[in-house]
Amino acid sequence: MVFSFKSLLTYVANNRGFCFIALIFFIAIAGLLRLQFRTQVDDNWDQFIVEHHCQVAKSKGGNNIQSSWLCDDGNEYYRWRQQR
């Protein structure tokens, strides 16, 4: 079966709703894949902790869930930074 550009345009014109939904689905999948690969590239928190001699600093209430990391670079990093 041979497809031409004209037949593709005819298909899209006759099935606008399906093509719109397929386009939205493709964009969503592409966005999720981009997020997945971006987090794998930026996921060097364990190495950062060692290099900057970071220590856990508990919150004022002593809660580990809201704890942060104090590092020798003078900055304080919060738990959202270490999520995977």
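It should be noted that the structure appears before, not after, this text.
Note that the coordinates shown come from a computational prediction; the quantities given were computed from them, not determined experimentally. (Residues numbered from 1 in each chain as written. Predicted model: local features only at pLDDT ≥ 70, side-chain atom pairs only at ≥ 80, totals over all residues. Heavy atoms only, no water.)

Chemist: Please clarify how the overall build of the chain should be interpreted in this entry.
Modeler: When you go through the chain residue by residue, the secondary structure sums to three helices and three strands. Ordering the α and β elements of the chain from the N terminus gives α-α-α-β-β-β. When the 84 residues of the chain are sorted by exposure, 14% land in the buried category. Within the chain, contacts between residues at least 6 apart in sequence are counted, and of these 17% link residues at least 24 apart. Put simply, the chain shows about 7,500 Å² of open surface, and 63% of that area lies on carbon and sulfur atoms. (Helix = DSSP H or I, 4+ residues; strand = E, 2+ residues; numbered from the N terminus. Buried < 20%, exposed > 50% of the residue type's maximum accessible area, 1.4 Å probe, protein only. Contact = heavy atoms within 4.5 Å. Areas by Shrake-Rupley, 256 points an atom, 1.4 Å probe, with all protein chains shown as cover.)

Chemist: Could you clarify how one ought to interpret the state of the cysteines in this entry?
Modeler: When the sulfur atoms of two cysteines share a covalent bond, that bond is a disulfide. What the rule picks out here adds up to one disulfide. Sulfur-sulfur distance for the disulfide between C54 and C71 comes to 2.0 Å. Note on the C54 and C71 pair: the S-S dihedral is about 110 degrees, so by sign convention the disulfide is right-handed. Taken together, the residues C54 in the loop between α3 (45–51) and β1 (55–57) and C71 in the loop between β2 (68–70) and β3 (76–78) connect sequence positions 17 residues apart. Summarising the burial analysis for this pair, C54 and C71 share the class buried. (Disulfide = S-S within 2.5 Å.)

Chemist: Hey, could you run me through the nonpolar core in this one?
Modeler: One broad trend across soluble globular proteins is that nonpolar side chains are buried collectively. Ranked by size, the top nonpolar core spans seven residues in total: W45, F48, I49, C54, W69, C71 and Y77. Look past the residues within four positions of Y77 in its chain and what remains in contact with it is W45, F48, S68, W69 and C71. (Core = buried A, V, L, I, M, F, W, Y, C linked by side-chain atoms within 4.5 Å.)

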